[in-house]
Amino acid sequence: MSDAVAMKKKRKKQNQTVEILKRLAKNKLAMAGVVIILLMLILSVLAPIIAPYDPAAMDYTALKAGPSAKHLLGCDHLGRDILSRLMYGAKYSLAIGFCSAMIGLFLGVFFGCIVGYYGGAVDNIAMRICDVWSAIPSTLLAILVSTALGNGFMNTILAMCIGAIPGSVRNTRAMVLKERQMEYLEAAKAMNCSKMKIMFKHMMPNIISFKIVGTAGNIGNSIMMAANLSFIGLGMSSNIPEWGAMCAAARNYIMTEPHMIIFPGLMILITVLCFNLLGDGLRDAMDPKLKD
């Protein structure tokens, strides 16, 4: 009997997933964002093969050169090909955005489920900690952590995650408080399921789908935050072809050689926009009010 109920529940979830994907496919802006994101992922993976130059190779005959047939997007102040550096930099920017958003999602859902389900003193203590934590702006907190830890890939991810955790915990807690009153959890309690099993097997799957919607937008925000940190010298090193670091290296030449900062800036703009479009599309696709 239990196997039949489990199979029925599984089929229902599969049907819901298919319906959500169909709704998402009808959203032209969201699908355009998906296509561009996939193209950027492909470019980042194939960069060692399709990039015209080594990102660290210097051409002293083309210092600060503008776009040309030899260098399609021009060169930076050290004669490094900008197109090649943008291709290689996609790996760092996308990885930072994805990793920081996923870590924030995991920690937020994990602690939010515990806080919301147990309630009482656990809830009060955790929320007061989040109040103090949230009192510090996330940008300022990321700057403080980056200053303390220094430059680097993992340090940049850690700096952005620390500022995102309180908001994620609060959001998950609110969902758990609403979900805690559902009948299926009462049935799980009646079957003597442990609290951990109820939280992470029965309740979390119903929450995680809504959290993923927000995570798509958080990836774009993380990419922007990483670029901001690199721009002020606290994120990735200027020698690494990360988009924010490329903008930082070009800021002294913004008036004389604007191409050096325009192209990496456009990459950041387009990527953040695409993730926001994807997040909006997922939100609309999962909104029950839009069902036919």
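Here, every reference points to the structure presented above.
Residues numbered from 1 in each chain as written. Predicted model: local features only at pLDDT ≥ 70, side-chain atom pairs only at ≥ 80, totals over all residues. Heavy atoms only, no water.

Engineer: Run through the nonpolar core, naming residues and quoting values.
Structural biologist: Core analysis: the largest hydrophobic core is formed by 35 residues, its most contacted members being L86 and W243. If you list the elements that add at least two residues to this core, you get α2 (28-50), α3 (82-118), α8 (195-231), α9 (243-250) and α10 (259-286). Looking at which element gives the most residues to this core, the answer is α10, with 11 residues. If we ignore the near neighbours within four places in the chain, the residues touching W243 are M40, L86, G89, A90, S93, P264, M267, I268 and T271. (Core = buried A, V, L, I, M, F, W, Y, C linked by side-chain atoms within 4.5 Å. Buried < 20%, exposed > 50% of the residue type's maximum accessible area, 1.4 Å probe, protein only. Helix = DSSP H or I, 4+ residues; strand = E, 2+ residues; numbered from the N terminus. Contact = heavy atoms within 4.5 Å.)

Engineer: Explain the packing of helix α7 (residues 183-190) against α8 to me, and be specific about the residues and the numbers.
Structural biologist: If you want to describe how two helices pack, look at the angle between their axes and the distance between the axes. Packing of α7 against α8 leaves a shortest axis separation of 11 Å and a crossing angle of 165 degrees. Taken together, the axes of α7 and α8 are roughly antiparallel relative to one another. When the axes of α7 and α8 are compared, the crossing they make is right-handed. Contact residues: α7 offers Y184, L185, A188 and K189, while α8 offers I198, H202, M203 and N206. Looking at the contact of α7 with α8, its residues break down into 5 nonpolar, 2 polar and 1 charged. (Axes fitted to C-alpha atoms, helices over the stretch in contact; angles between N-to-C directions. Parallel < 35°, antiparallel > 145°, perpendicular 65-115°, else oblique. Left-handed = near helix turned anticlockwise from the far one by under 90°. Nonpolar A, V, L, I, M, F, W, Y, C, P; charged D, E, K, R; others polar.)

Engineer: Give a detailed account of the packing of aromatic side chains, specifying residues and quantitative values.
Structural biologist: Per the stated rule, a full pass over the model turns up 3 aromatic pairs. Ring plane angle 20 degrees and centroid distance 6.1 Å describe the contact between F106 and F110, whose orientation is recorded as stacked. Within this pair, F106 and its partner F110 are both found in helix α3, separated by 4 residues, close to a single helical turn. Overall, F106 belongs to the exposed group, its relative accessible area being 55%. (Phe/Tyr/Trp six-rings, centres within 6.5 Å; stacked < 30°, edge-to-face > 60°.)

Engineer: A description of the packing of helix α4 (residues 120-135) against helix α6 (residues 153-179) should follow, citing residues and the corresponding values.
Structural biologist: Taken N-terminus to C-terminus, the directions of α4 and α6 make an angle of 140 degrees; their axes are 9 Å apart at the nearest point. By the criterion of interaxial angle, the relationship of α4 to α6 is oblique. Crossing hand, α4 versus α6: left-handed. Contacts from D123, M127, C130, D131, W133 and S134 in α4 reach I162, I165, P166, V169, R170 and R173 in α6. Of the residues in the contact of α4 with α6, the class split is 7 nonpolar, 1 polar and 4 charged.

Engineer: Requested: an account of the environment of M182, with residues and values cited.
Structural biologist: Following the sequence through the fold, M182 ends up in the loop between α6 and α7. Overall, the relative accessible area of 39% leaves M182 in the partly exposed class. Considered as a pair, M182 and M203 are 21 residues apart in the sequence and their alpha carbons are 9.6 Å apart.

Engineer: Help me get a handle on the side chain of H259, residues and values and all.
Structural biologist: The residue H259 is located in helix α10 in this model. For H259, a relative accessible area of 11% translates into the label buried. A polar atom in the side chain of H259 sits 3.2 Å from the backbone oxygen of C75. Residue contacts for H259: discarding those within four places in its chain leaves K64, A65, G66, P67, L73, G74, C75, I82 and P264. (Polar contact = N/O pair within 3.5 Å; in protein donor to acceptor, adjacent residues only side chain to side chain.)

Engineer: Describe empty space enclosed by the protein, with residues and values.
Structural biologist: If a probe the size of a water molecule is rolled over the atoms, the empty space left behind becomes visible. Inspection of every chain in the model, using the stated rule, returns 1 cavity of 30 Å³ or more. Volume-wise, the largest cavity comes out at about 90 Å³. Taken together, D76, H77, R80, I82, R85, S238, A245, M246, A249, A250 and M260 make up the full set of residues lining the largest cavity. Those elements that provide at least two residues to the lining of the largest cavity are α3 and α9. The dominant element in the lining of the largest cavity, judged by the number of residues it contributes, is α9, at 4 residues. When the residues that make up the lining of the largest cavity are grouped by side-chain class, the tally is 6 nonpolar, 2 polar and 3 charged. (1 Å grid on protein atoms, 1.4 Å probe; cavity = no way out; pocket = protein on both sides within 12 Å on 5 of 7 lines; lining within 4 Å. Points joined across faces, edges and corners; volume = space filled by probe spheres on them.)

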